[in-house]
Structures are given as structure tokens and as C-alpha cells.
Amino acid sequence: MNINERNSRHEACIEAGKAMMAAARTAPKAKGVDIIEISLVTDEEKQQIADEMRRIAETIDMKFFLRDALNIEAAEAVLLIGTREMNLGLNCGRCGFGHCTDKGEGIPCAFNSVDVGIAVGSACRTAMQWCVDTRVMYSAGRAAQQLGFPTNDSRQVIALPISISSKSPFFDRK
């Protein structure tokens, strides 16, 4: 058997993405409560995210959304990590309110944000171990969230595009 690396990159990115999903899932969670949502998108869904990024760029006049849309298109796959909103009842005040019951609807629990960050860090560590290129992208995460990825109730979504090439398409960008 002779497997040409150029012909197996997509499959390798998918396998790396699956390992990144496992790392995000097993990352520590506040109070041990798992409210993380994770998915890996390719092909049509990946293009939908890039198209939504272009739409957002026109709406809010943020040019980096256009640049990042090209990065999403250059990726073989995109890992999406978000959280469901859940008040953890710690009354810590980190959200800006003294007590969890004082917090209004739509204001995330600070620990929800921390959980997403830890999951993203674990996924990035795994990308490094698999020697695939990635970059943490708020822009693609925002577009994915607006499209209902990873789930319709996901909040604070962060995207991690995945690529294997001789030079990372996610750095030294125009």
C-alpha cells in the first residue's frame, strides 16, 4: 500500500478534529457540570459559516470577518466549542452582580465563559500534539452561533479551523 500524504490530509484533519473534540469534552468543568457543546463541520456547513461571516462584515463593518472567512474556507474542518447558558449558583459576583438571582436573562455566568476557555485550550493543545494548524476565532464562532452551531442553544461559541499544509493559512494573513 502507498498512501500519499497529499491525498489523506482531509481525513487526517477529521481525525485530529475528533481528538480535539475529545480533549474539549474531557476538560475540567466548573462544579463538574458539563454544559459544553462541541461539533466539527466540513463542506457545506463550513461554507455556510464563511458566508455568514461575510454577511456580518457588511452589517457591522468589521473587515477582519472578511479575512477570517477566507481562513475558514482554507480549512479542511472547523471545530466549534460553545456552552449552554446555565447559572451555576455560586454567587461569586464575577458576572458583575452580587447574587446569581440578580443577574438578568442573557447575561452569562462567568463560569460558563471559563468552561469554554478551558475546553478551547485543551483542544488547542491536542491540535499541537497532532501537528495540525489551528487558530482561535471569535469571528467564525459568532457566525456559527448565529447559524445554530454547534446547537441552537449554544452561546459563547469559539471556532478552531483545522488545516494541514506547509504553511499555516491562519497566520501571516493579509
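Since the structure is predicted, the reported quantities are computational estimates derived from the model, not experimental observations.

**Q** Teacher, can you tell me more about the nonpolar core here?
**A** In summary, soluble globular proteins display a tendency toward joint burial of nonpolar side chains. Ile-49, Met-53, Ile-72, Val-78, Leu-80 and Ala-140 are the most contacted members of the largest nonpolar core, which totals 20 residues. When contributions to this core are tallied by element, the ones reaching two or more residues are helix 2 (43–60), helix 3 (64–74), strand 2 (77–84), helix 5 (138–146) and strand 4 (154–163). Here the element with the most residues in this core is helix 2; it accounts for 5 residues. Every residue in contact with Ile-49, bar those within four places of it in the chain, is listed here: Val-41, Ile-72, Leu-80, Ala-140, Ala-143, Ala-144, Leu-147 and Phe-149.

**Q** For this particular structure, what's the right way to read helix 3?
**A** Helical geometry: 3.6 residues make up each α-helical turn, so side chains three or four residues apart lie on a common side. Every buried residue of helix 3 is listed here: Phe-65, Asp-68, Ala-69, Asn-71 and Ile-72. Seen end-on, helix 3 carries its buried residues on one side only, within an arc spanning 160°. Elements that come into contact with the buried residues of helix 3 comprise helix 2, strand 2, helix 5 and strand 4.

**Q** Please clarify how the sheet that holds strand 4 should be interpreted in this entry.
**A** Sheets are built from strands paired through backbone hydrogen bonds, the pairs being either parallel or antiparallel. Pairing in this open sheet of 4 strands is antiparallel, and the strands run 1-2-4-3 from one edge to the other. The sheet is open, and its two edges are formed by strand 1 (36–41) and strand 3 (133–134), each paired on a single side. Pairing between strand 2 and strand 4: 7 bridges, direction antiparallel. Bridged to Ala-77 within strand 4 is Ile-162. Along the sheet face, helix 4 (residues 110–130) touches strand 1, strand 2, strand 3 and strand 4 and points at about 155° away from the line of strand 2.

The rules behind these values
Residues numbered from 1 in each chain as written. Predicted model: local features only at pLDDT ≥ 70, side-chain atom pairs only at ≥ 80, totals over all residues. Heavy atoms only, no water. Core = buried A, V, L, I, M, F, W, Y, C linked by side-chain atoms within 4.5 Å. Buried < 20%, exposed > 50% of the residue type's maximum accessible area, 1.4 Å probe, protein only. Helix = DSSP H or I, 4+ residues; strand = E, 2+ residues; numbered from the N terminus. Contact = heavy atoms within 4.5 Å. Arc of directions from axis to C-beta. Pairing = 2+ DSSP bridges. Axes fitted to C-alpha atoms, helices over the stretch in contact; angles between N-to-C directions.

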